[in-house]
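The lines below spell out each chain.
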Amino acid sequence: MAHCSRTVADIKRSIRSGQYLNSKGTTEFYDCWAQTYEWDMMRIGYRPAHLAVDFLNANFCGRREEVQVLDVACGSGLVAKLMSELGFRHFVGVDGSKGMLDQAAGTGLYQDLRLALLGTEGLPAETGVFDVVILVSALSPGFAPVSVVRELCHASKPGGFICIAKGSYPGAEEEIYKKDLERELQLMEDEGLWSLVGIKPTDRYMENAFVTTEADGKDEQEERYIRGNVYLYKKSISTSI
Ligand SMILES: C[S@@+](CC[C@H](N)C(=O)[O-])C[C@H]1O[C@@H](n2cnc3c(N)ncnc32)[C@H](O)[C@@H]1O
């Protein structure tokens with residue numbers, strides 16, 4: 001296959017070219033990338049989907065085959081693939097990229113796939129319906145805005161889980177975004193909307209696309225990988241949203 005000939009350097013160059021777009025540009029970027037996305041991400045050691053699903057699964061008790069999962073920014077369907085291996089069966093996916101949704105449709109795992117540019121459009125999900133709401137690697141400048149986090153909570157059933165994975169990418173804009181996100185997560189806890197189950201930090205969220213060669217990586221080990229967190233919340237039983 002043609003994409004097998006892409007080197008890690010090619011893939012990182014491509015990822016760098018997609019940085020600093022606005023969200024419309026970002027989803028167009030994913031339209032173009034959709035067919036080789038999973039292969040490319042595997043080549044650069046993309047782990048957030050695995051980390052998020054493992055952390056959720058370790059804290060989940062319930063009949064996996066019965067629960068409704070909302071996979072926000074589902075991309076090509078990697079999260080649903082991993083969750084289905086653990087017994088989860090019912091998935092609704094949302095993404096802003098038609099190309100990525102076509103890939104997700106090809107998995108045959110989603111009962112419904114919904115196209116929406118988050119931040120510009122509201123999250124197309126019923127309120128209080130989903131046992132699990134999961135969003136992996138789409139909270140960043142140029143991706144979905146921080147305000148989407150409240151919408152994730154709205155979509156969850158009372159007592160449901162909300163799982164968010166986010167990489168700590170370099171740059172001033174990212175720093176501001178991360179502070180805003182953490183402020184919002186805490187505010188929602190203070191408002192009694194949800195409670196924190198746990199945060200799982202990782203030193204190896206994925207390879208840093210800005211470190212371009214093996215030699216660079218050896219010289220500056222700390223920059224070779226991007227750090228990240230998986231946040232897991234449980235929606236309050238008493239909340240009216
Ligand atoms: C890095 S991929 C992650 C996909 C999947 N969650 C995974 O872990 O493989 C980011 C996804 O977020 C989507 N995305 C980015 N910004 C978005 C927005 N504002 N609204 C909807 N989807 C968005 C992209 O189209 C892409 O599919």
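Look a little higher up for the structure.
Just so we're clear, the structure is a prediction, and the values are computed from it rather than from any experiment. All chains use their own residue numbering, which begins from 1 and follows the written sequence. Owing to the predicted nature of the model, reporting of local features is limited to residues with pLDDT of at least 70; listing and counting of side-chain atom pairs is limited to 80 or more, with chain, interface and lining totals taken over all residues. Only hydrogens and water are removed before side-chain values are computed, so all heavy atoms of the structure are retained for them.

(A) Structural context of the overall build of the protein chain. Secondary structure elements are taken from DSSP: a helix is a run of H or I of four residues or more, a strand is a run of E of two residues or more, and numbering for both begins at the N terminus. Counting its regular elements, the protein chain contains 10 helices and 7 strands. To get the radius of gyration, use the C-alpha atoms; to get the globule rule, take the number of residues to the power 0.38 and multiply by 2.2 Å. Taking 18 Å as the expected radius of gyration for a compact globule of 241 residues, we find that the protein chain reaches 17 Å, a close match to that expectation. The dimensions of the protein chain, computed from C-alpha atoms along their principal axes, are 55 × 35 × 35 Å. Within the protein chain, the fraction of its 241 residues that count as buried is 50%. For this analysis, residues touch if any pair of their heavy atoms sits within 4.5 Å. The contacts of the protein chain with a sequence gap of at least 6 include a subset with a gap of at least 24, amounting to 72%. Exposure was quantified through the Shrake-Rupley algorithm and a 1.4 Å probe, taking into account, for residues, occlusion by the shown protein chains and nothing else. If you sum the accessible surface of the protein chain, you get close to 11,200 Å²; carbon and sulfur atoms cover 51% of it. In this tally, Asp and Glu contribute negative charge and Lys and Arg positive charge; neither His nor the terminal groups of the chain are included. Taken as the charge location is NZ of Lys, CZ of Arg, CG of Asp or CD of Glu. Charge separation in the protein chain, taken as the distance between the mean sites of 26 positive and 34 negative side-chain charges, equals 3 Å. Buried means the residue's accessible area, taken with a 1.4 Å probe over protein chains only, is under 20% of the maximum for its type, while exposed means over 50%, and partly exposed covers the values in between.

(B) Spotlight on helix α6 (residues 98-106). Within the sequence span of α6, burial applies to Gly-99, Met-100, Leu-101 and Ala-104. The inward-facing, buried residues of α6 abut α2 (23-33), α3 (37-43), β2 (90-95) and β3 (110-115). A positive backbone phi angle near 70° is found at Gly-108, which sits one or two residues after α6.

(C) Geometry of the site of the ligand. A single heavy atom is enough: if one lies within 4 Å of a molecule or strand, its residue is considered near that molecule or strand. The ligand sits among 22 residues. The nearest are Tyr-37, Tyr-46, Ala-73, Asp-95 and Leu-118. With respect to the ligand, the side chain of Asp-95 contributes an N or O atom lying 2.6 Å from an oxygen atom. A 3.5 Å cut-off defines polar contacts: any pair of N or O atoms within that distance qualifies, except that in protein one atom must be a possible hydrogen donor and the other a possible acceptor, and neighbouring residues in sequence count only when both atoms are side-chain atoms. Within the backbone of Leu-118, an N or O atom sits 2.8 Å from a nitrogen atom of the ligand. The dominant element in the shell around the ligand, judged by the number of residues it contributes, is α2, at 4 residues. Along the lines of polarity and charge, the residues of the shell around the ligand split into 14 nonpolar, 7 polar and 1 charged. Here the term charged refers only to Asp, Glu, Lys and Arg, the term nonpolar to Ala, Val, Leu, Ile, Met, Phe, Trp, Tyr, Cys and Pro, and the term polar to all other amino acids, Gly among them.

(D) Structural view of the side chain of Ser-97. One can find Ser-97 in the loop between β2 and α6. Polar contacts involving the side chain of Ser-97 include one to the main-chain amide nitrogen of Met-100, which spans 3.0 Å. Not counting the four nearest positions on each side in its chain, Ser-97 is found in contact with Thr-27, Tyr-30, Asp-31 and Leu-115.

(E) Geometry of helix α1 (residues 8-17). The complete set of buried residues in α1 reads Ile-11, Lys-12, Ser-14 and Ile-15. Around the axis of α1, the buried residues are gathered within 160° of arc, so they sit on the same side. In this fold, the buried residues of α1 make contact with α2, α3 and β6 (194-207). Note that the arc is computed from the directions linking the helix axis to the C-beta atoms.

(F) Spatial organisation of the packing of helix α7 (residues 148-155) against helix α8 (residues 172-190). Between α7 and α8, the least distance of the axes is 10 Å, while the angle of their chain directions is 35°. Note on packing geometry: the crossing formed by α7 with α8 is right-handed. Taking contact as the criterion, the partners of Val-149, Arg-150 and Cys-153 in α7 are, on α8, Leu-181, Glu-184, Leu-185, Leu-187 and Met-188. The residue makeup of the contact of α7 with α8, split by class, is 6 nonpolar, no polar and 2 charged. Between N-to-C directions, angles span 0 to 180 degrees; the directions come from axes that are lines fitted to C-alpha atoms, helices contributing only their stretch in contact. Should the near helix be turned counterclockwise from the far one by less than a right angle, the crossing is left-handed, whereas a clockwise turn marks it as right-handed.

(G) Up close: the packing of aromatic side chains. Ring geometry is summarised as follows: Phe, Tyr and Trp rings, the Trp one being its six-membered ring, pair when their centres sit within 6.5 Å, and such pairs are stacked at plane angles under 30 degrees, edge-to-face over 60 and tilted between the two. All told, the structure shown has 12 aromatic pairs when counted by the stated rule. Between Tyr-30 and Tyr-37, the aromatic rings sit 6.1 Å apart at their centres with planes inclined by 65°, giving edge-to-face as the arrangement. Among the residues examined, Tyr-37 registers a relative accessible area of 8% and is labelled buried. Taken together, Phe-29, Tyr-30, Trp-33, Tyr-37, Tyr-46 and Phe-143 form an aromatic cluster joined through their ring pairs. The side chain of Lys-234 reaches across the aromatic face of Phe-161, ending 4.7 Å from its centre. The rule for a charge over a ring is simple: NZ of Lys or CZ of Arg within 6 Å of the ring centre, and within 35 degrees of the ring normal.

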